[in-house]
Amino acid sequence: MTEPQILYEGKAKILYPTDDPNILLTRFKDDATAFNAQKRGTIVGKGEMNCAISSHLFQMLEAKGVPTHWIDRPATNEMRVRAVKIVPLEVVVRNIAAGSLCRETGLAVGMELPRPLVEFYYKNDELGDPLLTIDRLRLLQLATPEQIEQLRQMALQVNQILTAFFQECGITLVDFKLEFGMDAEGNLILADEISPDTCRLWNQAATDPSQRVMDKDRFRHDLGNVEEAYRQVLERVLAHPV
Ligand code: TMP
C-alpha cells in the first residue's frame, strides 16, 4: 500500500488529509526537538504516549465545554481532528515561574505567580517564536482585539480545568502552550496537542528540582529518564477518568 500524501510535517507530528475535507489525521512522532530544533533526539514511545495523553485531555476539556479539534484516536499514535486554520500564535499560560520567564525577567524558578500569566508568542520558526506585545499582535493583524480577548479567556478556562485535573494526579501544572484554530464558521477551537512536550509538569511527590520534572525539560536539559517520566504522566492521566 502506498503511504498517503503528507499535508504538513512538523517537528513532532505529521498531518495527513482524509477522504473527508473537514477531517485530518495527525500522526504523533517519537522525534523530539528543543531550542527551535537546535537539539534533536528521539524519545522512544513518545508518539503513542503523547497521542494518548492529548486524546484524554481533549476529551475531558470537551466534556467541560471547551471546543477542541479532537474527534477520535483510530490508532495508538494517531488522532483524527477537525480541519481548522491554525492561528499562528503560541498561547502560553504560566502558574509558576520557570523557563523563559525566569531567563528573561530574573524571577526565581518555582515562584508561584499571583495570578495566571497569559502570553502570546508568534508561531514562526524563522523568527524563533518571539514573545509579542498586544500592540504587535494588532500590528501584525494576527488576531482582532476581540479574538485576543477570546483566546485569553479560553486559555484561562483550560488552565483552570487542567490545573484541577493534574492536581488529582499529584502533578503541578507549572505552565503550558496552547494553539488554536479557526473552523469554517469562524469559531476559535483548541487545536494541536497537550502533552509533556507542551507542558511543564512537576511531580508533587518529589522535592528535588531535577527529580520532580515529568516533561520535555528532562530532554531539553539532559536530566535522563525521559521515557519513564512521560510513562508516569500517561499512567496517572489515564487513571483519572474524563
Ligand atoms: P518557555 O518557558 O520556554 O517559554 O515555555 C513555556 C511553555 O511552553 C512550556 O510549558 C513549554 C511550552 N513550549 C512549547 O510547547 N513549545 C515551544 O516551542 C516552547 C518554546 C515552549
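Calculation notes
Residues numbered from 1 in each chain as written. Predicted model: local features only at pLDDT ≥ 70, side-chain atom pairs only at ≥ 80, totals over all residues. Heavy atoms only, no water. Helix = DSSP H or I, 4+ residues; strand = E, 2+ residues; numbered from the N terminus. Expected span 1.5 Å × (residues − 1). Buried < 20%, exposed > 50% of the residue type's maximum accessible area, 1.4 Å probe, protein only. 1 Å grid on protein atoms, 1.4 Å probe; cavity = no way out; pocket = protein on both sides within 12 Å on 5 of 7 lines; lining within 4 Å. Points joined across faces, edges and corners; volume = space filled by probe spheres on them. Nonpolar A, V, L, I, M, F, W, Y, C, P; charged D, E, K, R; others polar. Near = heavy atom within 4 Å. Polar contact = N/O pair within 3.5 Å; in protein donor to acceptor, adjacent residues only side chain to side chain. Areas by Shrake-Rupley, 256 points an atom, 1.4 Å probe, with all protein chains shown as cover. Core = buried A, V, L, I, M, F, W, Y, C linked by side-chain atoms within 4.5 Å. Contact = heavy atoms within 4.5 Å. Salt bridge = Lys/Arg side-chain N within 4 Å of Asp/Glu carboxyl O.

Asker: Explain helix H1 (residues 46–63) to me, please; I cannot follow it from the model alone.
Answerer: A rise of 1.5 Å per residue sets the reference length of H1, with its 18 residues, at 26 Å; its end C-alpha atoms lie 25 Å apart and thus fit the reference within 8%. Judged by how many residues are buried, H1 sits mostly within the fold: 14 of 18 residues are covered. Taken from the residues just after H1, Gly65 is the one with a positive phi, measuring 95°.

Asker: Would you explain the layout of surface pockets in this entry?
Answerer: Over the atoms, a rolled probe matching the size of one water molecule traces out where space is still vacant. The computed volume of the second largest pocket comes to approximately 150 Å³. Lining the second largest pocket, in full, are Ala98, Gly99, Val109, Arg200, Trp202, Val213, Asp217, His221 and Leu223. Here the lining of the second largest pocket is built from residues that sort into five nonpolar, two polar and two charged.

Asker: Sorry if this is basic, but what is going on with the site of the ligand here?
Answerer: Within the structure, the ligand sits among 15 residues, and Arg94, Ser100, Asp175, Lys177 and Arg200 are positioned closest to it. Asp175 has a polar side-chain atom sitting 2.6 Å from an oxygen atom of the ligand. Bound to the protein, the ligand loses 77% of the 450 Å² it would expose on its own. Counting only elements with at least two residues in the shell around the ligand, the list comes to strand S9 (89–96), helix H2 (99–105), strand S11 (171–182) and strand S13 (199–203). Among the residues making up the shell around the ligand, the classes are represented as five nonpolar, three polar and seven charged.

Asker: What am I meant to see in the nonpolar core here?
Answerer: What tends to happen in soluble globular proteins is that the nonpolar side chains get buried as a cluster. Among the nonpolar cores identified, the biggest contains 55 residues, and Leu57, Leu162, Phe166, Leu190 and Ile194 are the most heavily contacted of them. Element by element, the count of residues in this core is highest for helix H4 (residues 145–168), at nine residues. Sequence-distant contacts of Leu190, that is, excluding residues within four places in its chain, are made with Phe58, Leu61, Val66, Pro67, Thr68, His69, Met154, Val158, Leu178, Glu179 and Phe180. Of all hydrophobic cores here, the second largest spans five residues; its members include Ile96, Ala98, Val174 and Trp202.

Asker: Just to check I follow, could you spell out the pattern of salt bridges for this structure?
Answerer: Two side chains carrying opposite charge are able to pair once their charged atoms lie near each other. Summed over all chains, the structure comprises 19 salt bridges. Between Lys29 and Glu9 there is a salt bridge whose closest N-O contact spans 2.7 Å. Of this pair, Lys29 sits in the loop between strand S3 (23–28) and strand S4 (31–34) while Glu9 sits in strand S1 (residues 8–9), and the two are 20 residues apart along the sequence. We note a salt bridge from Glu119 to Arg94, for which the minimum N-O separation is 2.7 Å.

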